[in-house]
Amino acid sequence: MSDKELTSYSKDFLAELFRKMVLVREFELRAIEERRNGLIPGFIHSCVGQEASAVGATAALTQEDVITSTHRGHGHLLGKGGDPKYMMAELAARSTGYCLGRGGSLHLADFELGILGANGIVGGGIPIAVGAGLAFQMRGEKRVSLSFFGDGATNEGAFHEALNLAGLWSLPVIFLCENNLYGEGTPQDQQAPIADLAKRAESYGFPGEIVDGNDVLAVYEATKAAAARARAGEGPTMIEAKTYRFRGHYEGDPQIYRKPGEMAEWRKRDPIPNFRQRLLDAGLFDAEALDEIEADVQADLDEAVAFAESAPAPKPEEALAGVYAETHDGLIF
Ligand SMILES: Cc1ncc(C[n+]2csc(CCOP(=O)(O)OP(=O)(O)O)c2C)c(N)n1
Ligand SMILES: [Mg+2]
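As the structure is a computational prediction, the values presented were derived from the model and not from experiment.

Engineer: Residue-level account of the overall build of the protein chain, with values.
Structural biologist: The number of helices and strands found in the protein chain is 10 helices and 7 strands. The C-alpha extent of the protein chain, read off along each of the three principal axes, is 60 × 50 × 40 Å. Put simply, the protein chain has 333 residues, and 47% of those count as buried.

Engineer: Can you explain the site of ligand 1? Please cite residues and give values.
Structural biologist: If you check the shell around ligand 1, you find 15 residues, and the closest are Val122, Gly150, Gly152, Ala153 and Gly183. Within the residue set of the shell around ligand 1, elements represented by two or more residues are β2 (145-150) and β4 (182-183). Among the residues making up the shell around ligand 1, the classes are represented as 5 nonpolar, 7 polar and 3 charged.

Engineer: Which residues make up the packing of helix α5 (residues 125-139) against helix α6 (residues 157-168), and what values go with them?
Structural biologist: For the pair α5 and α6, the least separation of the axes is 8 Å and the interaxial angle reads 20°. The angle between the axes of α5 and α6 places the two elements in the roughly parallel class. In this structure, the crossing between α5 and α6 has a hand that is left-handed. Listed contacts from α6 to Ile126, Pro127, Val130 and Gly133 of α5 are Ala158, Phe159, Glu161, Ala162, Leu165 and Ala166. Classifying every residue of the contact of α5 with α6 by side-chain character gives 8 nonpolar, 1 polar and 1 charged.

Engineer: Which residues make up helix α1 (residues 11-36), and what are the values?
Structural biologist: Here α1 is 26 residues long and its end C-alpha atoms lie 37 Å apart, about the 38 Å a rise of 1.5 Å per residue gives. Positive backbone phi, at 95°, marks Gly38, one or two positions downstream of α1.

Engineer: Could you give an account of the pairing of strand β7 (residues 237-242), naming the residues involved and the relevant values?
Structural biologist: Across the 6 residues of β7, 6 count as buried, placing the element largely inside the fold. Burial of β7 is two-sided: the residues Thr237, Ile239 and Ala241 facing one way and the residues Met238, Glu240 and Lys242 facing the other way are all buried. The pairing of strand β3 (residues 173-179) with β7 spans 6 bridges and is parallel. The partner of Leu176 across the bridge, within β7, is Ile239.

Engineer: Residue-level account of the packing of α1 against helix α10 (residues 287-310), with values.
Structural biologist: Packing of α1 against α10 brings their axes to within 9 Å, and their N-to-C directions diverge by 40°. It follows from the interaxial angle that α1 and α10 lie oblique. In this structure, α1 meets α10 at a crossing whose hand is right-handed. Between α1, through Ala15, Phe18, Arg19, Val22, Leu23, Glu26, Phe27, Arg30 and Glu34, and α10, the contact on the second element is made entirely by Leu290, Ile293, Glu294, Val297, Gln298, Leu301 and Val305. Looking at the contact of α1 with α10, its residues break down into 10 nonpolar, 1 polar and 5 charged.

Engineer: Hey, could you go over the pairing of strand β6 (residues 208-212) for me, with residue numbers and the actual values?
Structural biologist: Pairing between β6 and β7: 5 bridges, direction parallel. Among the inter-strand pairings, Gly208 is bridged to a residue of β7, identified as Met238. Note on the crossover from β6 through helix α7 (residues 216-231) to β7: the handedness is right-handed.

Engineer: Explain the sheet that holds β7 residue by residue, including any values.
Structural biologist: Strand order across the open sheet formed by 5 strands is β1-β2-β3-β7-β6, with parallel pairing between neighbours. Strands at the two margins of the open sheet, each flanked by one partner only, are β1 (66-68) and β6. Neighbouring strand axes in the sheet, compared pairwise and without regard to direction, differ in orientation by 20° on average. In the packing of α5 onto the sheet, contacts are made with β1, β2 and β3, and the angle to β2 comes to roughly 170°. Those strands touched by α7 are β3, β6 and β7, and its axis lies near 175° from that of β7.

Engineer: Give a description of unusual backbone geometry that names residues and reports values.
Structural biologist: Unusually for a residue other than glycine, Leu100 sits at a positive phi of about 60°. For Leu100, the position within the fold is in the loop between α4 (84-91) and α5. Even without being glycine, Gln255 reaches a positive phi, approximately 55°. Tracing the sequence through the fold places Gln255 in the loop between β7 and α8 (262-267). On the basis of neighbour counts, which here come to 13 C-beta atoms within 10 Å, the residue Gln255 falls in the partly exposed class.

Engineer: How would you sum up the nonpolar core? Please name residues and give values.
Structural biologist: One recurring pattern in soluble globular proteins: nonpolar side chains tend to sit buried together. Membership of the largest hydrophobic core comes to 85 residues, with the highest contact counts inside it found for Met21, Met88, Ile174, Leu176, Val216, Val219 and Ile239. In contact with Met88, other than residues within four places in its own chain, are Ala31, Ala304, Val305, Phe307 and Ala308.

Engineer: Pulling in residues and values, what's your account of the environment of Glu292?
Structural biologist: Of note, Glu292 is situated in helix α10. Separated by 108 residues in the primary sequence, Glu292 and Glu184 place their C-alpha atoms 36 Å from one another.

Engineer: Can you tell me about helix α2 (residues 51-59), naming the residues and giving the values?
Structural biologist: Summarising burial for α2: 8 of the 9 residues are buried, a large majority. Residues of α2 that are buried include every one of Glu51, Ala52, Ser53, Ala54, Val55, Gly56, Ala57 and Thr58, and no others.

Engineer: Which residues make up the environment of Glu112, and what are the values?
Structural biologist: Structurally, Glu112 can be placed in the loop between α4 and α5. Judged by C-beta crowding, with 8 C-beta atoms within 10 Å, Glu112 ranks as exposed. C-alpha separation for the pair Glu112 and Ala132, spaced 20 residues apart in sequence, amounts to 14 Å.

Quick notes on the rules
- Residues numbered from 1 in each chain as written.
- Chains lettered and ligands numbered in written order.
- Predicted model: local features only at pLDDT ≥ 70, side-chain atom pairs only at ≥ 80, totals over all residues.
- Helix = DSSP H or I, 4+ residues; strand = E, 2+ residues; numbered from the N terminus.
- Buried ≥ 20, exposed ≤ 12 C-beta atoms within 10 Å, placed from the backbone.
- Near = placed C-beta within 6 Å.
- Nonpolar A, V, L, I, M, F, W, Y, C, P; charged D, E, K, R; others polar.
- Axes fitted to C-alpha atoms, helices over the stretch in contact; angles between N-to-C directions.
- Parallel < 35°, antiparallel > 145°, perpendicular 65-115°, else oblique.
- Left-handed = near helix turned anticlockwise from the far one by under 90°.
- Contact = placed C-beta atoms within 7 Å.
- Expected span 1.5 Å × (residues − 1).
- Pairing = 2+ DSSP bridges.
- Right-handed = clockwise from strand over helix to strand, strands pointing away.
- Core = buried A, V, L, I, M, F, W, Y, C linked by C-beta atoms within 7 Å.

Written as structure tokens, this is what we have:
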């Protein structure tokens, strides 16, 4: 648990952290339900259980800062201000979705909100975040780029190349590893020779820090400090948020790889009920106020599902629109 007193934060800020974590959890559960109902085609990699890292990290960024995300990215997007209506419509392959219904979960993006994109390629977002950080440095902008990725991604070449350059050039980048102990069905101890992945940062010349990834305030504080370092020109930071996913790698995953008792242990550390209890114990909110936030989230999600249902699918004849760009002399690429 983060050591700072809850009362040192504003009530609005704490309520917003709670609301966003509930939104992420309930968005995922609703998307899973709507997939069963036939509204959503394709895979869903939900981040149920990992809400604190998504919400805590993005709460420490400004709108001008950017993120890159993963195949498990709905929480990252919602944290950064993504609209559940456009997300739900995109998941449902409707023309009103973020990518006009052509991309789905793995391609969600909103450049205006600094969301440079989810990514179906494991580790694929990490070099993109480094490129954004390089652009900010070259333009003299005090912006920060944050890349979310999983434990499995830290075994990809792209991770090592990206961290090396970011360290060499002191780029304003935060590498936020959500270590949920598995890469698909492979336990972390069968895919890497070390358990604490944050150690990898040291070999690229910058600090790596481990935080309780189920404590939204701990992740927020670590990210805030890393963002301050980046803005001061002191270079990158890696944050390893230790966490756990409560559902399968994808919906339908039989999850035969889980260690006995592991889920029950992590369930005790569920980020949302624990944060709710902290807010109640501190006397900052009563149960009714928090219930109301939960009810508001459900209303927003009802609206998001209705928005997705009411929209048409993209037209086949428009399939190539936006794929090619015309140059000044009319050539199409
Ligand atoms: C380059 C690449 N290799 C393999 C895959 C297949 N794949 C999709 S998700 C995944 C596991 C990723 O594990 P991790 O980075 O820990 O993220 P998590 O799923 O745990 O959030 C794999 C191997 C892929 N999409 N891209
Ligand atoms: Mg993982």
